[in-house]
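Structural description and commentary
Each chain, letter by letter, is given below.
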Amino acid sequence: MMLHVLIVDDEWLDLEGLRDQIPRLLLPPMEIHTAESGIHALQVIQDVPVDILITDVNMPQLSGIDLAGIVKEKYPDAEILFVSGYDDFEYARQALALSAVWYLLKPVQDDELLTALLRAVNRLGAKGRGEESPAVQKSREELLTDQVCQYVFAHLSERITLADIAGELHYSANHLGKIVQEVLGMNFSAYLQKTRLSYAAHLLREKKQMGVGEIAHLTGYTSSDSFARVFRQEYGLTPREYRHGA
């Protein structure tokens, strides 16, 4: 079965870049369509049965959020991937309210795009087998947990508490913590530390010009010493040893 993917971005270079980034050999057969604006996309969807929409959030005349709403009305089973140059939690919350598969920040990383597309394909396949209906595409628990994850990514360099996130989402911290534990299989503190350290490891591998102290700060650690101690507990190497071995 051929999947139809529509990419929408008012920045031509970003539009072309996203199209070229899609790893077709790792995905089911798909035909990729593009549109240079939300308005142009409205014309495309009249002729193209969209399975996956990849759209920039912040576009003139018709935003990606509004476009996604229109696409979902016309094609209820369509999966949505949002792309944005803005690390904005409110955008992420609106995106997730539409049951979006992912909220990707520019510049989009290859592995993140592949992960998001695989998730979209899997959800489409589940619907085709009758495992999901539009009303239960995503449980409330999964939606809330995705919002927690998006908040963490958006505030990774800051002090983050579950109580802060619970306040943003209008939930009690205790109840939200139980949901996170159930969905992720770990408590919030463990998830937060794992996320900080995973991103730190990524920066150590890919950003050789960045100092360890700078990476510690970007991932929310108040000192290089505390960062190095926790990193070694997780990876068995100091940050510098990990970098040299990467």
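The structure this text deals with has already been given above.
Being a predicted model, the structure only gives us computed values, none of them experimental.

Observations concerning the pairing of strand S4 (residues 79-84)
For a regular strand, side-chain orientation follows a simple rule: the groups alternate between the two sheet faces. In terms of burial, S4 is largely enclosed, as six of its six residues are buried. Side chains of S4 alternate between two faces, with Glu79, Leu81 and Val83 and Ile80, Phe82 and Ser84 buried alike. With five bridges joining them, strand S3 (residues 52-56) and S4 adopt parallel strand pairing. Bridge pairing links aspartate 56 to valine 83 in S4. Handedness of the crossover joining S3 and S4 through helix H3 (residues 64-74): right-handed.

Topic: the side chain of aspartate 56
Positionally, aspartate 56 belongs in strand S3. Judged by its relative accessible area of 5%, aspartate 56 falls in the buried class. Leaving out residues up to four positions away in the same chain, aspartate 56 has contacts with Val8, Asp9, Asp10, Gly64, Val83, Ser84 and Lys106.

Considering the environment of glutamine 61
Position of glutamine 61 relative to the elements: it lies in the loop between S3 and H3. Given the relative accessible area of 74%, glutamine 61 is considered exposed.

Side note on the sheet that holds strand S5 (residues 102-105)
The five strands are arranged S2-S1-S3-S4-S5 in an open sheet whose pairing can be described as parallel. Every interior strand has two partners, whereas the edge strands, strand S2 (30-35) and S5, have only one. Across the sheet, the mean angle from the axis of one strand to that of its neighbour is 20°, orientation sign disregarded. Inspection of the sheet shows strand S1 (residues 3-8) paired to S2 by six bridges, in the parallel sense. Looking at the pairing, valine 5 lines up with isoleucine 32 of S2. In the packing of H3 onto the sheet, the strands contacted are S1, S3 and S4, and the crossing angle to S3 comes to about 165°.

What about the packing of aromatic side chains?
For any pair of aromatic rings, the description rests on two quantities: the centre-to-centre distance and the angle between the ring planes. Going through the model one piece at a time under the given rule, you end up with five aromatic pairs. Measuring from centroid to centroid gives 5.4 Å for tyrosine 221 and phenylalanine 227, while their planes differ by 50°, and the two rings are tilted. By way of ring pairs, the aromatic residues Tyr221, Phe227, Phe231, Tyr235 and Tyr242 are connected into one cluster.

Quick word on the pattern of salt bridges
Here the idea is simple: oppositely charged side chains can pair when their charged atoms come close. By the definition in use, this model includes four salt bridges. Residue aspartate 9 pairs with lysine 106 through a salt bridge whose shortest N-O separation is 3.0 Å. Within this pair, whereas aspartate 9 is found in the loop between S1 and helix H1 (12-21), its partner lysine 106 is found in the loop between S5 and helix H5 (110-128), the two being separated by 97 residues in sequence. Since its relative accessible area comes to 1%, aspartate 9 is described here as buried. Residue lysine 106 is classed as partly exposed on the basis of its relative accessible area of 25%. One salt-bridge network, held together by shared partners, links Asp9, Asp14, Asp56 and Lys106.

Here's the deal with the packing of helix H7 (residues 162-169) against helix H8 (residues 173-184)
Between H7 and H8, the shortest axis-to-axis distance is 9 Å and the interhelical angle comes to 100°. Classified by the interaxial angle, the pair formed by H7 and H8 is roughly perpendicular. When H7 is examined against H8, the residues Leu162, Ala163, Ile165, Ala166 and Leu169 are found in contact with a partner set consisting of Ala173, Leu176 and Gly177. Residues that form the contact of H7 with H8 fall into these classes: seven nonpolar, one polar and no charged.

Cut-offs used in this document
- Residues numbered from 1 in each chain as written.
- Predicted model: local features only at pLDDT ≥ 70, side-chain atom pairs only at ≥ 80, totals over all residues.
- Heavy atoms only, no water.
- Buried < 20%, exposed > 50% of the residue type's maximum accessible area, 1.4 Å probe, protein only.
- Helix = DSSP H or I, 4+ residues; strand = E, 2+ residues; numbered from the N terminus.
- Pairing = 2+ DSSP bridges.
- Right-handed = clockwise from strand over helix to strand, strands pointing away.
- Contact = heavy atoms within 4.5 Å.
- Axes fitted to C-alpha atoms, helices over the stretch in contact; angles between N-to-C directions.
- Phe/Tyr/Trp six-rings, centres within 6.5 Å; stacked < 30°, edge-to-face > 60°.
- Salt bridge = Lys/Arg side-chain N within 4 Å of Asp/Glu carboxyl O.
- Parallel < 35°, antiparallel > 145°, perpendicular 65-115°, else oblique.
- Nonpolar A, V, L, I, M, F, W, Y, C, P; charged D, E, K, R; others polar.

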